[in-house]
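Structure assessment
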Amino acid sequence: QWEYAARAGTSTPWWTGEDARSLRGAANLADLSLPRSGAPSTIAIENWLDDDHVVHAPVGSFAPNPFGLFDVHGNVFEFCREHYVSPYRGTERPGDGYQLVAGGTGSHVYRGGSWKSLAVQSRVSARGNQPVGTTNTLIGLRPARAVVTGLSP
């Protein structure tokens, strides 16, 4: 579900295109603003990017994807509803694409990258996992609801 929304009809590593540099203006990632702020030089950054945000950026600071969703790349990773398994062994539930998985680890998937991520970590297909209840300044969530179609007024 998250991947479908983040791709927004594209088939490239980022909704912005094939090249990571296409993320300029569309993502808050680890960039030149980190060393400028005095962050340790051991933090890996994208030397080609300067988004002017050291940490979290206000929602809507960057361009939305073609579905109108902001911050699907960078800013904060997003916890997803699905349980983590590696590799995916489930199937998609008809109608909404929810991953039906068995034997999950008790952890949930997170996706999208953060302000401390490199572009490769924000690829649409990239994912990590954390136990439910984890607190971390790099991970948030995106509230969502089911869309009901076919109703008459």
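Scroll up for the structure.
1. Points about the side chain of glutamate 46
Note that glutamate 46 resides in the loop between helix H2 (33–36) and strand S1 (77–83). Summary of buried charges: glutamate 46 has no salt-bridge partner, and the nearest side chain of opposite charge, arginine 21, is 6.8 Å away. Only 2.8 Å separates the side chain of glutamate 46 from the side chain of tryptophan 48, close enough to count as a polar contact.

2. Remarks on the sheet that holds strand S4 (residues 107–111)
Pairing within the open sheet is mixed, and its 4 strands lie in the order S5-S4-S1-S6. Because the sheet does not close on itself, it has two edges, and the strands there are strand S5 (128–131) and strand S6 (139–141). The sheet shows a mean angle of 50° between the axes of neighbouring strands, taken without regard to direction. Relative to S4, S1 is paired through 3 bridges, and the arrangement is antiparallel. Residue pairing across strands places glutamate 78 opposite arginine 111, the latter belonging to S4.

How each quantity is defined
- Residues numbered from 1 in each chain as written.
- Predicted model: local features only at pLDDT ≥ 70, side-chain atom pairs only at ≥ 80, totals over all residues.
- Heavy atoms only, no water.
- Helix = DSSP H or I, 4+ residues; strand = E, 2+ residues; numbered from the N terminus.
- Buried < 20%, exposed > 50% of the residue type's maximum accessible area, 1.4 Å probe, protein only.
- Lys, Arg positive; Asp, Glu negative; His and termini not counted.
- Salt bridge = Lys/Arg side-chain N within 4 Å of Asp/Glu carboxyl O.
- Polar contact = N/O pair within 3.5 Å; in protein donor to acceptor, adjacent residues only side chain to side chain.
- Pairing = 2+ DSSP bridges.
- Axes fitted to C-alpha atoms, helices over the stretch in contact; angles between N-to-C directions.

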